[in-house]
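For reference, the chains in residue letters:
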Amino acid sequence: MLQTTYKKTILVKSCDLCCYFNYLQYHHFHVTLTANRRSIWDTSRTSKSNGPPFLLMFSIMLTVVLISPIIEELIFQYFFQRVFLPTLNISRNIIVQKYVSIISPTLLFILSHIITGNISFQSIFIGLITYLPLLFLSILYERTDQNIVYPIAVHILINFMGMISIS
């Protein structure tokens, strides 16, 4: 029993920052979570002592940890960063074009995760604090000669650590 508790504590401590921001958003700032994060949070918090049904948790884990990162990275990194933004020719300067193609997908990703029924300054601010480190995924995609596998793998790892910290 003690060993299981110790292992769970280590897993929870591995993603304290993500869990802390979720806690801040949900309780202190009263910012509404997006629908998928809210359902995971509520399922993990309101479950009985024996836990939620296995099939439900498995489907949530599969969706959040595997399917969503693949789809999101294909949309935001591949489509926006590689296909759509270069066709706009925002600037003739290559450096400006690279910065725009790195920052824009991240901002779109942040907006897609914080948009709920009510948008306030607090929700935007907390969303920026929470998701701005994901700018690393755009930089990683650019630095690896636009190989989508690396950002997908990092995104899967981030979501996996977040799921462990929530459950």
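A brief look at the structure comes next. (Residues numbered from 1 in each chain as written. Predicted model: local features only at pLDDT ≥ 70, side-chain atom pairs only at ≥ 80, totals over all residues. Heavy atoms only, no water.)

1. Description of the overall build of the chain
Turning to step 1, where the next piece is worked out: For the chain, the helix and strand inventory stands at eight helices and zero strands.
Turning to step 2, where the next piece is worked out: Ordering the α and β elements of the chain from the N terminus gives α-α-α-α-α-α-α-α.
Turning to step 3, where the next piece is worked out: Buried positions account for 34% of the 167 residues belonging to the chain.
Turning to step 4, where the next piece is worked out: Excluding contacts between residues fewer than 6 apart, the proportion of contacts in the chain whose partners are at least 24 apart in sequence is 63%.
Turning to step 5, where the next piece is worked out: Surface exposure of the chain reaches about 10,600 Å², of which carbon and sulfur atoms provide 70%. (Helix = DSSP H or I, 4+ residues; strand = E, 2+ residues; numbered from the N terminus. Buried < 20%, exposed > 50% of the residue type's maximum accessible area, 1.4 Å probe, protein only. Contact = heavy atoms within 4.5 Å. Areas by Shrake-Rupley, 256 points an atom, 1.4 Å probe, with all protein chains shown as cover.)

2. Some remarks on helix 5 (residues 94–114)
Turning to step 1, where the next piece is worked out: Taking 1.5 Å of rise per residue, the 21 residues of helix 5 would be expected to cover 30 Å, and the 31 Å separating its terminal C-alpha atoms lies within 8% of that figure.
Turning to step 2, where the next piece is worked out: If you check which residues of helix 5 are buried, you get Gln-97, Ser-101, Ile-102, Pro-105, Thr-106, Phe-109, Ile-110, His-113 and Ile-114.
Turning to step 3, where the next piece is worked out: The inward-facing, buried residues of helix 5 abut helix 4 (54–88), helix 6 (121–131), helix 7 (135–143) and helix 8 (149–166).
Turning to step 4, where the next piece is worked out: A side-chain oxygen of the first residue of helix 5 lies 3.1 Å from the backbone nitrogen of Ile-95; this N-cap is Asn-93. (Expected span 1.5 Å × (residues − 1). Polar contact = N/O pair within 3.5 Å; in protein donor to acceptor, adjacent residues only side chain to side chain.)

3. Quick look at empty space enclosed by the protein
Turning to step 1, where the next piece is worked out: This structure, assessed with the given rule, holds two cavities of 30 Å³ or more.
Turning to step 2, where the next piece is worked out: Here the second largest cavity is characterised by a volume of approximately 50 Å³.
Turning to step 3, where the next piece is worked out: Lining of the second largest cavity is provided by Glu-72, Glu-73, Phe-76, Gln-77, Pro-105, Thr-106, Phe-109, Leu-134, Leu-137 and Ser-138.
Turning to step 4, where the next piece is worked out: For the lining of the second largest cavity, the secondary structure elements donating two or more residues are helix 4, helix 5 and helix 7.
Turning to step 5, where the next piece is worked out: By residue number, the principal contributor to the lining of the second largest cavity is helix 4, which donates four residues.
Turning to step 6, where the next piece is worked out: Taken together, the residues that form the lining of the second largest cavity break down as five nonpolar, three polar and two charged. (1 Å grid on protein atoms, 1.4 Å probe; cavity = no way out; pocket = protein on both sides within 12 Å on 5 of 7 lines; lining within 4 Å. Points joined across faces, edges and corners; volume = space filled by probe spheres on them. Nonpolar A, V, L, I, M, F, W, Y, C, P; charged D, E, K, R; others polar.)

4. Brief notes about the environment of Ile-148
Turning to step 1, where the next piece is worked out: With respect to the helices and strands, Ile-148 occurs in the loop between helix 7 and helix 8.
Turning to step 2, where the next piece is worked out: Sequence separation between Ile-148 and Glu-73 is 75 residues, and the spatial gap between their C-alpha atoms is 7.3 Å.
Turning to step 3, where the next piece is worked out: Setting aside chain neighbours within four positions, we find Ile-148 in contact with Glu-73, Leu-74, Gln-77, Tyr-78 and Tyr-141.

5. Points about the packing of helix 5 against helix 7
Packed helix pairs are specified by the crossing angle of their axes together with the interaxial distance, meaning the distance between the axes.
Turning to step 1, where the next piece is worked out: Where helix 5 meets helix 7, the axes come as close as 8 Å, and the angle between the chain directions of the two elements is 140°. Between helix 5 and helix 7, the angle falls in the class oblique. Handedness of the crossing formed by helix 5 with helix 7: right-handed. Judged by residue contacts, Lys-98, Ser-101, Ile-102, Ile-103, Pro-105 and Thr-106 of helix 5 engage Leu-135, Ser-138, Ile-139 and Glu-142 from helix 7.
Turning to step 2, where the next piece is worked out: A breakdown of the residues in the contact of helix 5 with helix 7 according to their chemical character gives five nonpolar, three polar and two charged. (Axes fitted to C-alpha atoms, helices over the stretch in contact; angles between N-to-C directions. Parallel < 35°, antiparallel > 145°, perpendicular 65-115°, else oblique. Left-handed = near helix turned anticlockwise from the far one by under 90°.)

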